Amino acid sequence: MKVLVRADANKIIAMGHVMRCLSIADALSDKGVLVSFACASTDPKALIESRGYKVTVFNSDYQKMDEELPQMEELIKKEGIDLVIVDTYSAYEGYFEKLNEITKTAYVDDYGKNAFSVDYLINYNAYGEYIPYEEIYKKAAVKLPKLLLGPMYAPLRRDFQKKHERIKSDMFEVLLSTGGADATHVAITLLRRFNKEIEAGNLEKVRLNILVGPFNGDKEAIMDESVTFPGRVNLYSDITDMPGFLSRFDAAMSAAGSTTYELCSMGIPTMLFCTADNQAQIFEAFKKNGLMMTAGFTDKEMETVTDRLVDFMGIMSANADLCEEYSKKALQVTDALGAIRIADNIINIRA
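Residues numbered from 1 in each chain as written. Predicted model: local features only at pLDDT ≥ 70, side-chain atom pairs only at ≥ 80, totals over all residues. Heavy atoms only, no water.

**Describing the nonpolar core**
Put simply, the test is: For the purposes of this section, nonpolar cores are sets of buried Ala, Val, Leu, Ile, Met, Phe, Trp, Tyr and Cys residues that join through side-chain atoms within 4.5 Å. Partly exposed describes any residue whose relative accessible area lies between the buried limit of under 20% and the exposed limit of over 50%, with all areas from a 1.4 Å probe on protein chains only and scaled to the type maximum. Comment: elements are numbered from the N terminus, with helices defined as DSSP H or I runs of at least four residues and strands as E runs of at least two. The contact definition used throughout considers only heavy atoms, calling two residues in contact when any of these lie within 4.5 Å.
In terms of nonpolar packing, the biggest core is built from 95 residues, with Phe37, Ile85, Leu246 and Phe286 touching the most fellow members. It is helix H1 (residues 16-30) that provides the largest number of residues to this core, a total of seven residues. Discounting residues that sit within four places of it in the chain, Ile85 has contacts with Val3, Leu4, Val5, Arg6, Ile24, Leu28, Ala106, Val108 and Ile346. Core analysis: the next-biggest nonpolar cluster, separate from the first, contains 34 residues, Val174, Leu176, Leu203 and Met313 among them.

Shown next, in the form of C-alpha cells:
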C-alpha cells in the first residue's frame, strides 16, 4: 500500500501539522506501508527527509490549493497512491472531490465545521467526540466518512509509548513551549517578566526552560535576554527525543496545540494558553474539563496571560500535591497509541 501525506509548515502555521503526520507516517511504515509527503514549500522538507520520507515540493501558495491540483493528480497517478492524508486548513470540498476521482482520502480535522467528501475523518482532539459530525454531513448531503474521534487517536510519535522516568533536579524545572512560530511573542514577553521576578527575589526555586521553535522571529532577543541571570534560563531547539526531553520537567506552560497531548501522555502538570484560532477549541475543552490550568488568549490579553503564567510557576513550585493532582488528570487523556489506531484503520480500507 502507498500513502501520500499532504501537509504544510511555514512561519505562519508552524510545524504542528507536519509533526502529527510524521507520527502517522511512522506508524504506517512500521506496518509495511510506503509513505511519502507533498508540501507547498520547502520549509518542512529537511525535517521530513531527516525522518526518512520522500518529499515533493509544489512551490505553490499553501492557501490556494486549487492551483496545485494538476501537480497533485499527476503525482498520485505516477506513484500509484492508494490513499492521501490531507492535513491543512486550506483544503476545500472541491479539492477532495477531485482527489476522490483517483484515490481514497483521509482528512485530519480540527474545526468540525465543514463536510468533506473523504473516506476517513480524524479529529483526535479532546472535543472531537462531541462535534455533531452526523448532523453536519447529513445537512450537507455528503456521505459520512469513517470517523476516528477523540484523544485515543492522538497521533503521538512512537517514543511516547515507552515509560519515561522523571529526571530529578535541584531546581523546579518549568518548560515553556510556544509552538513553531510564536506569532504573539509569548517567549520573549514571559522571559523578560521572568527576569524581573528573579531580580525582585521571586521564583527562587524555578528554572525556566524555553523550547524555541524553528520559525520564532524573536530568537536573537531571546538569546540575549536568557543570559541575564546565568543558570536560571535554558534554551532548546531541534529536539529529536521529545519524550526524553519532556521527562526533565516538573511543570509546563504550553500553547494549546499538538504538544498538549504529548504533555498529557507524560503526566506533566500544565498551564495552557491560546495563540491562534485553531487552538481555541483545544484550549476551551481542557478548561471546561478541568484537565489543565488555563492562562488565556495571548492576542487579546497578553498582560493577563503573563501574570497567570508567572503565578503558575510560583504556585506549582511550592505545591507538590497540586502537581500530583494535575499530573494524574493529564495521564487520563491519552495512552500514546493513537497513531497506531489510525494506521490500523487506514490499512484495512476497502475499495
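**A look at the pairing of strand S1 (residues 2-7)**
Basically, it comes down to this: For two strands to be treated as a pair, DSSP must find no fewer than two bridges joining them. By definition, the crossover connecting two strands over a helix is right-handed if that path, from the first strand to the second, turns clockwise as seen with the strands pointing away from the viewer.
For S1, the tally of buried residues reaches five of six residues, placing the bulk of the element in the interior. Both S1 and strand S2 (residues 34-39) contribute to a ladder of five bridges, which runs parallel. Within S2, the position partnered with Arg6 by the bridge is Ala38. Chirality of the crossover, the property in question, places the unit of S1, H1 and S2 among those that are right-handed. Here S1 pairs with strand S4 (residues 83-87) via five bridges, running parallel. Within S4, the position partnered with Val3 by the bridge is Leu83.

**Looking at the side chain of Asp182**
Convention followed: Nitrogen and oxygen atoms within 3.5 Å of one another constitute a polar contact, given that in protein one can donate a hydrogen and the other can accept it, and given that sequence-neighbouring residues count only through two side-chain atoms.
Locating Asp182 in the fold gives a position in the loop between strand S8 (172-177) and helix H6 (186-199). One polar contact links the side chain of Asp182 to the main-chain amide nitrogen of Ala187, over a distance of 3.1 Å. For Asp182, the contacting residues outside a window of four places in its chain are Ala187 and Asn216.

**A word on the sheet that holds strand S6 (residues 120-123)**
Within a sheet, adjacent strands bond to each other through the backbone by hydrogen bonds, running parallel or antiparallel. The line we're drawing: Between N-to-C directions, angles cover 0 to 180 degrees, with each direction set by a line fitted to C-alpha atoms, over the stretch in contact for helices.
Judged by pairing direction, the sheet is parallel, and its seven strands sit side by side in the order S3-S2-S1-S4-S5-S6-S7 without closing on themselves. Single-partner strands in this sheet number two, and they are strand S3 (54-57) and strand S7 (146-149). On average, each strand axis in the sheet is tilted by 20 degrees relative to the strand beside it, whichever way the strands run. Pairing analysis gives four bridges linking S4 to strand S5 (residues 104-108), with the strands arranged parallel. Each bridged residue has a counterpart across the sheet, and for Val86 the counterpart in S5 is Tyr107. Sitting on the sheet, helix H3 (residues 69-79) is in contact with S1, S2, S3 and S4, with an inclination near 160 degrees to S1.

**Notes on the sheet that holds strand S9 (residues 206-211)**
Strands sit in the order S10-S9-S8-S11-S12-S13 across an open sheet of six strands; the sheet is parallel. Two strands close off the open sheet at either side, each with one partner strand: strand S10 (233-236) and strand S13 (293-297). This sheet shows a mean twist of 15 degrees between the axes of neighbouring strands, independent of strand direction. Note: strand S11 (residues 251-255) against strand S12 (residues 270-274), four bridges, orientation parallel. Note that in S12 the partner of Ser254 across the bridge is Leu272. Packing of helix H11 (residues 302-317) onto the sheet brings it into contact with S8, S9, S11, S12 and S13, and relative to S13 it is tilted by some 165 degrees.

**Focus: the packing of H1 against helix H13 (residues 338-347)**
Operational definition: In these notes the angle categories are as follows: under 35 degrees is roughly parallel, over 145 is roughly antiparallel, 65 to 115 is roughly perpendicular, and the rest is oblique. In a left-handed crossing the near helix is turned counterclockwise from the far helix by less than a right angle, and in a right-handed crossing that turn is clockwise. Residues are grouped as follows: Ala, Val, Leu, Ile, Met, Phe, Trp, Tyr, Cys and Pro are nonpolar; Asp, Glu, Lys and Arg are charged; every other residue, Gly included, is polar.
Where H1 meets H13, the closest approach of the two axes is 8 Å, and the angle between their N-to-C directions is 60 degrees. Looking at the two axes, H1 sits oblique to H13. For the pair H1 and H13, the crossing hand works out as right-handed. Residues Ser23, Ile24, Ala27 and Leu28 of H1 pack against Ala339, Ile340, Ile342, Ala343, Ile346 and Ile347 of H13. Looking at the contact of H1 with H13, its residues break down into nine nonpolar, one polar and no charged.

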